[in-house]
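Chain by chain, the residues:
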Amino acid sequence: MHKRVRWVAAAGIVLALAGCSANDSGGESAAMPMSADTKQAAPKEGVPNKEATDSKAGSDKAPAPAGQPGITDRKLVRTASLELTAPNVADVISQVRVITQGAAGYTGQESTQEKRASVNVIVPSERLDGVLDQLGKLGKQVRREVTATDVTEQMVDVESRLATQRASVERIRALLARATSVSEIASVESELTSREAELESLQKRRESLAGSVAMSTISLQVKAETVAASEESRSGFLGGLAGGWDAFLTFGGGLLTAIGAMAPFLLVFGVPVAALVWWLRKRRRPAEPAMATASDLPSAPPLD
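Starting from 1, residues in each chain are numbered consecutively following that chain's sequence as written. Thresholds applied to this predicted model are a pLDDT of at least 70 for local features of residues and 80 or more for the giving and counting of side-chain atom pairs; totals over whole chains, interfaces and linings are not thresholded and use all residues. By convention in this description, side-chain values take in all heavy atoms of the structure and omit both hydrogens and water.

*Asks:* How would you explain the nonpolar core if you had to name every residue and give the values?
*Replies:* Residues belong to one nonpolar core when they are buried, are Ala, Val, Leu, Ile, Met, Phe, Trp, Tyr or Cys, and are joined through side-chain atoms within 4.5 Å. Only protein chains enter the accessibility calculation, which uses a 1.4 Å probe; a residue whose area is less than 20% of its type maximum is buried, one above 50% is exposed, and one in between is partly exposed. One finds Val 96, Leu 135 and Ile 218 to be the most contacted residues of the largest nonpolar core, which totals 23 residues. Secondary structure follows DSSP: runs of H or I at least 4 residues long count as helices, runs of E at least 2 residues long count as strands, and numbering of each begins at the N terminus. Secondary-structure elements contributing two or more residues to this core are β1 (76-86), α4 (89-102), β3 (116-124), α5 (128-136) and β5 (215-224). Whether two residues are in contact is decided by their heavy atoms: any pair within 4.5 Å suffices. Filtering out sequence-adjacent residues up to four positions away, Val 96 remains in contact with Val 119, Val 121, Leu 135, Leu 138 and Leu 220. Counting 13 residues, the second largest nonpolar core, distinct from the first, contains Val 151, Met 155, Val 158 and Val 188.

Below is the structure:
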C-alpha cells in the first residue's frame, strides 16, 4: 500500500516537472521566434545598424523646406555698370563689339559721339564676370558696379499659377466638349478665351523672367581722357566760377534766342500799333489848347 502511494507521488512529480518545462520553452518561443527572417532582422552585438546610421546621418543634414529651392537653385538677375576713360572712344567701342560677340552676346542701345559713348552689352549670365574683366582692360576703369536681384520666388509663383491655369483651361475645354445648346457653347467659349488669355500672359511673364536670368546687361560708358580731365578740374572756387559763367552764357543765349523769335511779331504788329497810337495822340493835341483858351477868356463886363 505504501509502495503504491510512493509510485503515484513520483508520477505526479514527474508530470509537474514536464509541464513547467513545456511552459518555459513556450514562453521563450513566444518572446523570440527563431525564424530565418528574425535571425536576419536581429542585429549583431557590437556591429552598428547600417539603416540606423544612414538615418542619423540624413537627420544631421538640414534639407531645404518643401517648395523652396536650395542655394544652388536660386534664380538671380544680374546687371552691371562700367565707366571707362580712354584716349580714343571709337576704338574702345569697336573692341567692345568684338568682346561681346566672342562671349555669345550682343549690343543693345548705343550712343557714340566724338568724346563720349554709351552702349548696353547683353551677355550670358555665367560669362558676366569674365566680360567685365575684359572690358575693364580697354581703358582706365573709373567705376564698376554689379547688382543681383533674386527672382526665385517670382519664378516659383509663376510656375504654380501656370500649372493651375493649365488645369483650369483643360476643365473649360472639357465643358465645351459636353455643351449642347448654343447659349452654353457661347458662355463656355467666352470663359475659355478669358482663361487662355491669362495663361498666355503667365507664359510671357515666365519667358521674360527666364530671359532676365539667362542674360545679363552691362551699361558701359566711355569718356575721352581730355573730357575726364576737364571735369576733374572743375572743382573748388575756379570750377564754380567756370560753371557760373557757362550758366550765364547759356541764359544769355536763351534770352537772345527768345528775343529773336519775337522780333518778327514785333515788326509786323508792333509798328502799326505804335503808328496808330502816335496818330491818335497827335489829333488830340490841337483840341485841348482850344478848349483851354475858351475857358481862360475873361467874362464881359455887365451892361448898364
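From this point, things continue past the structure.
*Asks:* An account of helix α6 (residues 152-178) is needed here, citing residue identities and associated values.
*Replies:* Over its 27 residues, α6 runs 40 Å from end to end, which matches the ideal 39 Å to within 8%, given 1.5 Å per residue. Within α6 the residues assigned to the buried category are Thr 152, Met 155, Val 158, Leu 162, Gln 165, Ser 168, Val 169 and Ile 172. In this structure, the buried side of α6 is in contact with β4 (140-150) and α7 (182-214). Multiplying one less than the number of residues by 1.5 Å gives the expected span of a helix.

*Asks:* Explain the sheet that holds β1 to me, and be specific about the residues and the numbers.
*Replies:* Taking strand neighbours across the sheet as the criterion, the five strands line up as β2-β3-β5-β1-β4 in an open arrangement whose pairing is mixed. Whereas interior strands pair on both sides, the edge strands pair on one side only; in this sheet they are β2 (106-112) and β4. Neighbour-to-neighbour, the strand axes of this sheet turn through a mean angle of 10°, independent of strand direction. Note on pairing: two strands pair once DSSP finds at least 2 bridges between them. Inspection of the sheet shows β1 paired to β5 by eight bridges, in the parallel sense. The residue bridging Leu 84 from the neighbouring strand is Val 222, located in β5. Angles shown run from 0 to 180 degrees and are taken between the N-to-C directions of axes, each axis being a line fitted to C-alpha atoms and, for helices, limited to the stretch in contact.

*Asks:* Could you give me a rundown of the side chain of Thr 100, with the residues and numbers involved?
*Replies:* Here Thr 100 is to be found in helix α4. A relative accessible area of 1% means that Thr 100 is categorised as buried. Residues adjacent in sequence count toward polar contacts only when both atoms are side-chain atoms; beyond that, a polar contact is any pair of N or O atoms within 3.5 Å, and within protein one must be able to donate a hydrogen and the other to accept it. Among the polar contacts listed, one links the side chain of Thr 100 to the backbone oxygen of Val 96, at a separation of 2.7 Å.

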